[in-house]
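Now for the letters of each chain:
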Amino acid sequence: MSTVTANVMPAKHYLNDNYGIRSWLLTKDHKRIAVLYLASITVFFFIGGIYAALIRLQLLTPQGALFQADTYNKLFTMHGVNMIFFFLVPSVPAVMGNFILPIMIGAKDLAFPKINLLSWYIYIAGACFSLAALVSGGVDTGWTFYTPLSTGFLRTPVTVLAIGVLIAGFSSIFTGLNFIVTVHRMRAPGMTWGRLPLFVWANYATSIIMILGTPVLAITLILVALERAFHIGVFDPKLGGDPVLFQHMFWFYSHPAVYIMILPGMGVISEIITCFSRKRVFGYPFIAFSSIAIAVFGFVVWAHHMFVAGISVYSALVFSLLSYAVAIPSAVKVFNWTATMYKGSISLQTPMLYALAFIGLFTIGGLTGLFLAALGLDIHIHDTYFVIAHFHYIMVGGMVTAYMGGLHFWWPKITGRMYPEGWSKLSALIVFIGFNLTFFPQFILGYLGMPRRYAAYPPEFQVLNVLSTAGASILAVGFIMPAIYFIWSLKYGEVAGNNPWQATGLEWEISSPPPTHNFHETPIVTTEPYHYGAEQEVPVVP
Amino acid sequence: MQSTVPLFPEQASTIAHHVDWLYLFLVAVTAFFSLLVAALILFFIIRYKRTPDREAEQIHGSTLLEIVWTVIPLGISMVIFVWAAVLYFHMQRPPSNAMEVYGVAKQWMWKFEYPGGQREINSLHVPIGRPVKVTLISQDVIHSFFVPAFRVKQDVLPNRYMTTWFEAKEPGTYHLFCSQYCGTKHSAMIGEVVAMKPEDFASWLTSGKAEGSLAAQGEKLFQQLGCATCHRADSGARGPNLAGLYGRPVRLTDGHVVVADDNYLRESILVPNAKVVSGFQPIMPTFQGMISEEDLIQLTDYIKHLSAPTMEGPLNNRSTPEQIRDSEVKQVQDQMKQQETAPQKTSGNNK
C-alpha cells in the first residue's frame, strides 16, 4: 500500500500485555479467546481436510482406490462431523465475532467474559470426545446419525461421538447467549440499532438460532445415546419407536444450523464489499432484516430433507412452499451487495476477491437449493451427489470463502501485520478454480444418479469423479498457502497500522493489535455505519 | 448401459421427461441469475475501478428496486413450487391399474416377489407400457429404492409399507441403487431393473420356478400359524372374519375408524392389541419375531384375495351395533375421503 509508510506497532496491546501459558488459558479477554478459537478450529479444518482428501482419493477408481467400505464410511462421517460441528459452526462467530463484535459496538468485552472462556473449554472437551471416537476406531453413522442404523446396528463408538457433538453444542449456546446480551446491553452511546454494522446484525440473528436450535440437537443426541444404552424404544421400530421421528428432531436443529453456518459469513461480506467499494451499503435495513427473516423462516423448513422419507404429501407441500420463502431473503442480500458496488470506487484486494467469489458461489449454491425444494424434482436428486455439490457451494463456496475473506480483512487488526498481498491474491484464485473443479462435476454426477456415501460406483461415473478429485488437490494447495503466509506474516509482515483498508467502523479507529480493553475511553457514535465519503483519504492501489 | 461418459441420465420412464423439463427450467433460471450477477460484478469492477480522480457516489438504496428484486424471485419460485408440486402429486399416486410387486430390503440386498409367487434378488423384471406399483418394506434399517433412469426414489422403512410406482418406456437394464446410507456395504446394495416387452415379460414370468402364488403360500401359512382357528366365518369365531376385509373401513373398540390396508393388516398380525376391532376381545397373541417380512407379504396377499363375501358378510359374526355394515361402507368411505388431511401413501383404496 503506497500510502502506508510510517506505521509502527503500538507499544502495549492485547498480545504483549501479559505473557505465559497461564495468561492465555485463563484469559477473559474476548480477543485472546478468539485467537484460541482460531488456533483450535484451524486444527480441525485441516483434520477435516485430510478426511476430504482421502475421500476424493478413494473415489478415483470405481472399485474404490484405497480403503474397504467400512473405512470409507468412517471417513465421510468424521469429515462431516469435524467440518460442521468443530469448524463451520464456530468459525466466523467464535473467531471473528468474538474478536470484532464487541469492538464494533464500542464495548470493552463481551457481557460474560468467563462464560466466553468456558465456551472455549467446552468446545475443546467436545473436540476431545470426537477425537476419542476417532482413536477408538472411528464412527460410521454419517454425520446425520440416522436411526435405527445408529441406535441398533452399529458397534462403533457412536455414543462417544454423539456426546462430543452434544458438548460442542453447549459452546455455541454460550457464544450465542453472550452475543445477544452484549448487543442488547453494551452498545456505546449513539450506537443505535440502526447504526449497528451488518456483521453485528448477522451474528445477532445467528445467536438466536444457536440458543433456540441447539438444545433440540442435544435432546436428540441424548435420546440416541439412551436408545443405544438402554433400548428405550423412541426411534427403533422393533421397540415400538419411529425412525422418522429422529429425522424430524435432527433436522429441526440441523436445517437452522445451515443458517448458523452461513449467516455470519453474510455479515462478513457486507463489511468487505462496502469497504472495498468505498460505498454506503445499498439497502441497509433490507440486509439487516433479511438476516432476521432467514433466522425465523429457517426454523420452519426442516422437513424438506424428508420428501422421500415417508411424510405425507400435504406436509411435503407445506415444507416445499416455506422453503421457497426462506430463499427470498438470501436473494435480496445478493442483489443488495451487487448494487452496493454500483458507482463505487472498487479495488480488488484479497478480502474483496474472496467476497466476490462468495457472491458468485453462494448464488449458485442458493439457486441449486431451489432444485431440492422442488418436490417432483427432489425425488430424483435427493441423496445424490447433487445434494453434496449444492451444500458444498453453500458451505465451502459460501461460508469458507467468507471466513477466508474475513480472516484476510481483519488479520491486520488481529495481529498488527500485513500478509503478502501477491501470494494471498494467488491463493484466492487457486481456491476459486479448485473449488469449482471439485464441486461442479458433482452436480452432473448427482443428476446422473450417483448416490452419496458410496465407497464404490458404476464405471461410467469415473471421469467426472476424477475431475472432482483433481479439483480437490488444487483446492488443497489454495488452503495450505494461507496457512504458510499467515504464519510468516506474524514475524515478517509489514506493520499494518490502525486502518490499512481506510475502512469505517470503530474497530479501525483503535490500534492494531488493539489494546487489552479495546478503548481507552468509551467512544461516542455519531454516524451511521459505512459513512464512506469525501472527507476520507482514498488510497490508490497500484 | 452406455460405455461413453454420460452427462445426462437416460429417460426410461413415462415421468422422466417431465422431471427433466422442470430440471432444465431450473438450470436456465440458475444460469440466468448467476450470469446476471457475475456480469454486473465484472462490469462494476471495470467501470468503477478505483482511480485517484473519481470518488464513489453515495447511494442509500431504493425501495422500488428492493420490491422488484423481492417480487420477481418470489414469482419465479412460486412457478417452480406449483409445477413441482403437481408433478409430485402425480408421482405419489399410483394408477389403479398398476401391476403389483413387493420388495423387501435388508442389509445389503433387495428381494422382490410377484403376486404369482416368482422371486428374485437384486433384480426386478418389469414390463414396459404398464404402470408397476412397488410396495416396499425393510427388514432392518432405512434403505431407499432409487432407479435414476426412471427418476423414482422412495425410502424403505422398517415396520411400514411404502409404495412407489413407475411405467417403463424402453426395454433395457437400468441401475437400482440404495440411496439411503445403510451401513457397511451400502454402496454394494445395488441391483438392476430389467424392463421387457410385455410378451417377453409374460414368458419370463412363466419360466420362473414359483412355489405357487403369494396368495396360495399365504393360505398355507394361514393354516400353519393357526390363524384359521379364530378367523372364521361362523358365528362362534373368536376373531373377525377376514373375507372382503381388505380396503374396507373398520370400526375399532375405541370408536375410531381405520381402513384395512397393508399397514393395518401387518400391524394387526405383529401387534394385535394396537387396533382391536369393535366387538372383539384383545386375545390374539403377537406374531412379532416369529414371522418374516416375506411371510407377512404372503399373508397380506392372501387376505387381499379373500374378497368374495361369505353369507354373513364380513365382520358380521359377533358384530356390534357400532360396526360398519356393508350398506354403510360407501358412505363411510366418502366421509373419510373428505376428512382426510394426511392420507397414508399405502392406502389400499384403489382395489
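Residues numbered from 1 in each chain as written. Chains lettered and ligands numbered in written order. Predicted model: local features only at pLDDT ≥ 70, side-chain atom pairs only at ≥ 80, totals over all residues.

### Let's talk about helix α8 (residues 198-230) of chain A
Then, in step 1: Taking 1.5 Å as the rise per residue, α8 of chain A with 33 residues should run 48 Å; its terminal C-alpha atoms sit 47 Å apart, in good agreement.
Then, in step 2: Of all the bends found along α8 of chain A, the most pronounced is centred on Gly213 of chain A and spans about 30°, while Pro215 of chain A, a proline, follows it within four residues. (Helix = DSSP H or I, 4+ residues; strand = E, 2+ residues; numbered from the N terminus. Expected span 1.5 Å × (residues − 1). Bend = angle between axes of the 7 residues up to and from the residue.)

### Notes on the interface of chain A and chain B
Then, in step 1: The partner chain B presents 78 residues to the 84 residues of chain A that form the contact.
Then, in step 2: At the level of secondary structure, the elements contributing two or more residues to the side of chain A that touches chain B comprise α3 (69-88), α6 (149-153), α9 (243-277), α10 (284-297), α11 (313-341), α12 (350-373), α13 (375-381) and α15 (421-448) of chain A.
Then, in step 3: A per-class count over the side of chain A that touches chain B returns 55 nonpolar, 21 polar and 8 charged. (Contact = placed C-beta atoms within 7 Å. Nonpolar A, V, L, I, M, F, W, Y, C, P; charged D, E, K, R; others polar.)

### Observations regarding the sheet that holds strand β6 (residues 143-147) of chain B
Residue and element names in this part refer to chain B.
Then, in step 1: The 5 strands lie next to each other as β4-β10-β9-β6-β7, forming an open sheet whose pairing is mixed. The open sheet has two free edges, formed respectively by β4 (123-127) and β7 (152-156), since each of these has just one partner strand. Sheet twist, expressed as the mean angle between neighbouring strand axes with direction ignored, is 20°.
Then, in step 2: Relative to strand β9 (residues 172-178), β6 runs antiparallel, the two sharing 2 bridges. Bridged to Phe146 within β9 is Phe177.
Then, in step 3: Sheet strands touched by helix α3 (residues 198-207): β4 and β10 (191-196). Its angle to β4, the strand with the most contacts, is close to 130°. (Pairing = 2+ DSSP bridges. Axes fitted to C-alpha atoms, helices over the stretch in contact; angles between N-to-C directions.)

### Considerations on the sheet that holds strand β3 (residues 119-121) of chain B
All names here are of chain B.
Then, in step 1: Sheet architecture is open: 5 strands sit in the order β3-β2-β1-β5-β8, paired in mixed fashion. The strands lining the two open edges of the sheet, one partner per strand, are β3 and β8 (162-166). Here the average twist between neighbouring strands, direction ignored, is 25°.
Then, in step 2: Packing of helix α7 (residues 293-305) onto the sheet brings it into contact with β1 (99-106), β2 (109-113) and β5 (132-138), and relative to β1 it is tilted by some 160°.

### Here we look at the pairing of β6 of chain B
Along a regular strand, successive side chains alternate from one face of the sheet to the other.
Residues and elements named next belong to chain B.
Then, in step 1: Among the 5 residues in β6, 5 count as buried, and that is most of the element.
Then, in step 2: The side-chain alternation of β6 yields two buried faces, one formed by His143, Phe145 and Val147 and the other by Ser144 and Phe146.
Then, in step 3: One ladder, built from 5 bridges, connects β6 with β7; its direction is antiparallel. Bridged to His143 within β7 is Val156. (Buried ≥ 20, exposed ≤ 12 C-beta atoms within 10 Å, placed from the backbone.)

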